[in-house]
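Residues per chain are reported as follows:
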Amino acid sequence: MATVINKDIKSASKSSDIVMWLCISLIVILGVWGNIYFSKVLLLYRVLALVGLGVVAILLAVQTKKGKLFWEMLKEAKREVRRVIWPTRQETMQTTLIVVVVILFIGLILWGVDSLLGYLVKSFIS
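Note that the structure is a prediction, hence the values are computed from the model and not measured.

Quick look at the overall build of the protein chain
When its secondary structure is counted, the protein chain shows four helices and zero strands. Along the chain direction, N to C, the helices and strands of the protein chain fall in the order α-α-α-α. Among the 126 residues that make up the protein chain, the fraction classed as buried is 8%. Total accessible area on the protein chain is roughly 11300 Å²; 75% of this is exposed by carbon and sulfur atoms.

Okay, structure coming up:
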């Protein structure tokens, strides 16, 4: 009996998610169409309407199963960013200097190899 109820809940949840995503798609299409249709209206009003429709679409999306999972992922990402040990200014400057020196060194090597190959090709052609 419990499995029948769980299946009914899952199918109802799945169908309500589909309806929500269809509504979100309709809101986005309405926003794009309205922005084109009202192209002669003041830009501020169009931007405010699009922002309003965007907020409604986001609020609907967060109510879906995928939206809830996405919101949880964003919370976890925020927690992880707090745990990151950021380099000090000195470490950043030293690392940047090392990268610049290595790039210049590799650039000089490639320039030398290119010049040598160019010289060899010219000597064979002439």
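Focus on the packing of aromatic side chains
By the definition in use, this model includes two aromatic pairs. Considering the side-chain rings of Trp33 and Tyr37, the 4.9 Å spacing of their centres and the 15° angle between planes classify their relative orientation as stacked. Of this pair, Trp33 and Tyr37 are both found in helix 1 (residues 2-37), four residues apart, which corresponds to roughly one turn of the helix. What makes Trp33 partly exposed here is its relative accessible area of 49%. Here the aromatic cluster, defined as three or more aromatic residues joined through ring pairs, consists of Trp33, Tyr37 and Phe38.

Focus on the pattern of salt bridges
In a structure, side chains of opposite charge can pair up when their charged atoms sit close to one another. Here the structure, examined in full by the defined rule, presents three salt bridges. Across the pair Arg79 and Glu76 runs a salt bridge whose closest N-O atoms are separated by 2.3 Å. In this pair, Arg79 and Glu76 are both assigned in helix 3 (residues 65-83), three residues apart and thus about one turn of the helix distant.

Concerning helix 3
If you check helix 3, its first and last C-alpha atoms are 28 Å apart, about what 19 residues at 1.5 Å a residue would give, namely 27 Å. Looking at where helix 3 begins, the residue whose side-chain oxygen comes 3.1 Å from the main-chain nitrogen of Gly67 is Thr64.

What about the side chain of Arg46?
Summarising the element assignment, Arg46 is placed in helix 2 (residues 43-62). As a buried residue without a salt bridge, Arg46 has its nearest oppositely charged side chain in Asp17, at a separation of 32 Å. With residues near it in sequence (within four places) discarded, Arg46 still touches Asn35, Phe38, Ser39 and Val41.

Brief notes about the confidence of the model for the protein chain
Across the protein chain, pLDDT averages 89, with 90% of residues at or above 70. The lowest-confidence element of the protein chain is helix 1, averaging 78 in pLDDT; the highest-confidence one is helix 4 (residues 89-125), averaging 97.

Here's the deal with the side chain of Asp17
Note that Asp17 resides in helix 1. Buried charge Asp17 goes without a salt bridge, the closest partner of opposite sign being Lys65 at 6.8 Å. Of note is the side chain of Asp17, whose polar atom sits 3.1 Å from the backbone nitrogen of Lys65.

A few points about the environment of Lys66
On the secondary structure map, Lys66 appears in helix 3. Residues Lys66 and Asp17, spaced 49 residues apart in sequence, show a C-alpha to C-alpha distance of 8.7 Å.

Reading the values: rules and limits
Residues numbered from 1 in each chain as written. Predicted model: local features only at pLDDT ≥ 70, side-chain atom pairs only at ≥ 80, totals over all residues. Heavy atoms only, no water. Helix = DSSP H or I, 4+ residues; strand = E, 2+ residues; numbered from the N terminus. Buried < 20%, exposed > 50% of the residue type's maximum accessible area, 1.4 Å probe, protein only. Areas by Shrake-Rupley, 256 points an atom, 1.4 Å probe, with all protein chains shown as cover. Phe/Tyr/Trp six-rings, centres within 6.5 Å; stacked < 30°, edge-to-face > 60°. Salt bridge = Lys/Arg side-chain N within 4 Å of Asp/Glu carboxyl O. Expected span 1.5 Å × (residues − 1). Polar contact = N/O pair within 3.5 Å; in protein donor to acceptor, adjacent residues only side chain to side chain. Lys, Arg positive; Asp, Glu negative; His and termini not counted. Contact = heavy atoms within 4.5 Å. pLDDT = per-residue confidence, 0-100.

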